Amino acid sequence: MYKITDWLEKHRVSAKTIQDIIVLSRAGFPAVTSYSATRSSATENLAVEISCFEQSYHKIVVPALEHAFKNQEGISTICADIQFHRSSRASQTRPCTIDNGKNTPPTIVMDWEGTPGNLICLAHETAHALQIILSNHALMPPIARETCAFLGELFLIDYARHRDANLYEQLRQVWDWENETYLATYRNELTLALNDQQTPYHYNLNYPIARLAAMELFRSEGSNWLNKLFSSGANAMKFLPLKAMAGKTMPGGQCGAPVDIYRSVGTIVLLHINNEDYYMNDNIGSYQDRLNQLVKNSFEHHHHGPIQ
Ligand SMILES: [Zn+2]
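Computed from a prediction, not measured in an experiment: that's the story for all the values here.

Q: Mind showing me how you'd approach the overall build of the protein here?
A: A tally of helices and strands in the protein yields 12 helices and three strands. Buried positions account for 40% of the 308 residues belonging to the protein. A separation of at least 24 residues holds for 72% of the contacts in the protein among residues at least 6 apart in sequence.

Printed below as a string of structure tokens:
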């Protein structure tokens, strides 16, 4: 049976690193709700009917990914080759992307009803397909694979933010709503699993760290890392900033208060994607106080057992 210890080993990451990231994320690092304070500045809209799958894919999802990859040659060609299999809702197949092997494009299996949630899902799965092809079909460890897919979602939302205020608002709501599952629910499961590392592995345990890593990467400078990550296959973990994310914990600290608080605050202010925008007007001292309180509260409310 595949256990948490195997999962950690496969990702070459320590339980401590994952636990530190979890503690910090409960305290709001990286800023989880992400978009709530960010209004769209778009004055026009994309005039795309999202009930239409073809329009959604070719006029929103593919351009969003191309844009993120700085119009790098080949991205649109790769996307044009991806195959689709539309599952019926009744089949209850979880959306997935199937690697059909070298020289054959991957197949995305998903239901389509033209909802904003479907659009997010399409961006997620397309990013998986892209990562498979750019990695030349070398299998990525699951946390890295899902990080790529969540980045696809963020690229879509950001693309809409600058081009279609209405669509952006709908996508942002899906993102926030899905944080409840991908972060809150699965993060609690992951916390419990790390406390007993003989717990059987479940794929859902990959999502919280992947979602946090995607948010951290999304707000990082430049874009050189993007192609490297998507192309990295089995080596993908070295492109995720997990150590840096966990390193915001005070050495030996009880509660994981960020040590580089100045940089964190700077990042939040710079990117304007934290919903708790009152932080921006605060001096560092009171911010630190509130953060300590947040960390304490998050323990009281969510803590299920001893975290090393
Ligand atoms: Zn996925």
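Q: Is there a simple way to think about the nonpolar core in this case?
A: One broad rule of soluble globular proteins: the nonpolar side chains tend to lie buried together. Judged by nonpolar contacts, the single largest core of 73 residues is most densely connected at Leu65 and Leu156. Per element, the largest residue contribution to this core is 12 residues, and it comes from helix α6 (residues 142–161). In this structure, Leu65 is in contact with Ile75, Cys79, Thr126, Ala127, Leu130, Gly152 and Phe155, ignoring residues within four places of it in sequence.

Q: In this structure, what is going on with the environment of Leu24? I would like to understand it.
A: Its location among the elements puts Leu24 in helix α2 (residues 15–26). Residue Leu24 is classed as buried on the basis of its C-beta count, with 23 C-beta atoms lying within 10 Å.

Q: How do you make sense of the packing of helix α5 (residues 116–134) against α6 when you look at a structure like this?
A: Angle between the axes and distance between the axes: these two values describe a pair of packed helices. Contact pair α5 / α6: the axes reach a minimum separation of 7 Å and the direction vectors enclose 130 degrees. With respect to their mutual orientation, α5 and α6 come out oblique. Between α5 and α6 lies a crossing of right-handed hand. Within the contact between the two elements, α5 uses Leu119, Ile120, Ala123, His124, Thr126, Ala127, His128 and Gln131 and α6 uses Arg145, Cys148, Ala149, Leu151, Gly152, Glu153, Phe155 and Leu156.

Q: Explain the packing of α6 against helix α7 (residues 165–195) here, please?
A: Across the interface, α6 lies against α7 with an axial gap of 8 Å and an inter-helix angle of 150 degrees. Classed by the angle they form, the pair α6 and α7 counts as roughly antiparallel. Two packed elements cross with a definite hand, and for α6 against α7 that hand is left-handed. In contact with Glu153, Leu156, Ile157, Ala160 and Arg161 of α6, α7 contributes Leu167, Tyr168, Leu171, Arg172 and Trp175. Its residues placed into classes, the contact of α6 with α7 shows seven nonpolar, no polar and three charged.

Q: Looking at this structure, I do not really get the confidence of the model for the protein. What am I missing?
A: Detail in the predicted coordinates should be disregarded across regions flagged by low pLDDT. Averaged over all residues, the pLDDT of the protein equals 81, while 78% of them reach at least 70. Overall, residues 249–308 carries pLDDT values under 50, and its contacts beyond four positions in sequence, including any with other chains, amount to 74 contacts.

Q: Honestly, the environment of Gln92 in this entry has me stumped. Any pointers?
A: Among the structural elements, Gln92 can be located in the loop between β1 (83–86) and β2 (96–98). Judged by the 8 C-beta atoms lying within 10 Å of it, Gln92 is exposed. With 19 residues separating them in the primary sequence, Gln92 and Asp111 have C-alpha atoms 8.7 Å apart.

Q: Sorry, what's going on with the sheet that holds β2 here?
A: What links the strands of a sheet is backbone hydrogen bonding, and the strands pair in either a parallel or an antiparallel sense. Strands sit in the order β1-β3-β2 across an open sheet of three strands; the sheet is mixed. Strands at the two margins of the open sheet, each flanked by one partner only, are β1 and β2. Across the sheet, the mean angle from the axis of one strand to that of its neighbour is 25 degrees, orientation sign disregarded. Pairing of β1 with strand β3 (residues 107–110), which is carried by four bridges, proceeds in the parallel orientation.

Criteria and thresholds
- Residues numbered from 1 in each chain as written.
- Predicted model: local features only at pLDDT ≥ 70, side-chain atom pairs only at ≥ 80, totals over all residues.
- Helix = DSSP H or I, 4+ residues; strand = E, 2+ residues; numbered from the N terminus.
- Buried ≥ 20, exposed ≤ 12 C-beta atoms within 10 Å, placed from the backbone.
- Contact = placed C-beta atoms within 7 Å.
- Core = buried A, V, L, I, M, F, W, Y, C linked by C-beta atoms within 7 Å.
- Axes fitted to C-alpha atoms, helices over the stretch in contact; angles between N-to-C directions.
- Parallel < 35°, antiparallel > 145°, perpendicular 65-115°, else oblique.
- Left-handed = near helix turned anticlockwise from the far one by under 90°.
- Nonpolar A, V, L, I, M, F, W, Y, C, P; charged D, E, K, R; others polar.
- pLDDT = per-residue confidence, 0-100.
- Pairing = 2+ DSSP bridges.

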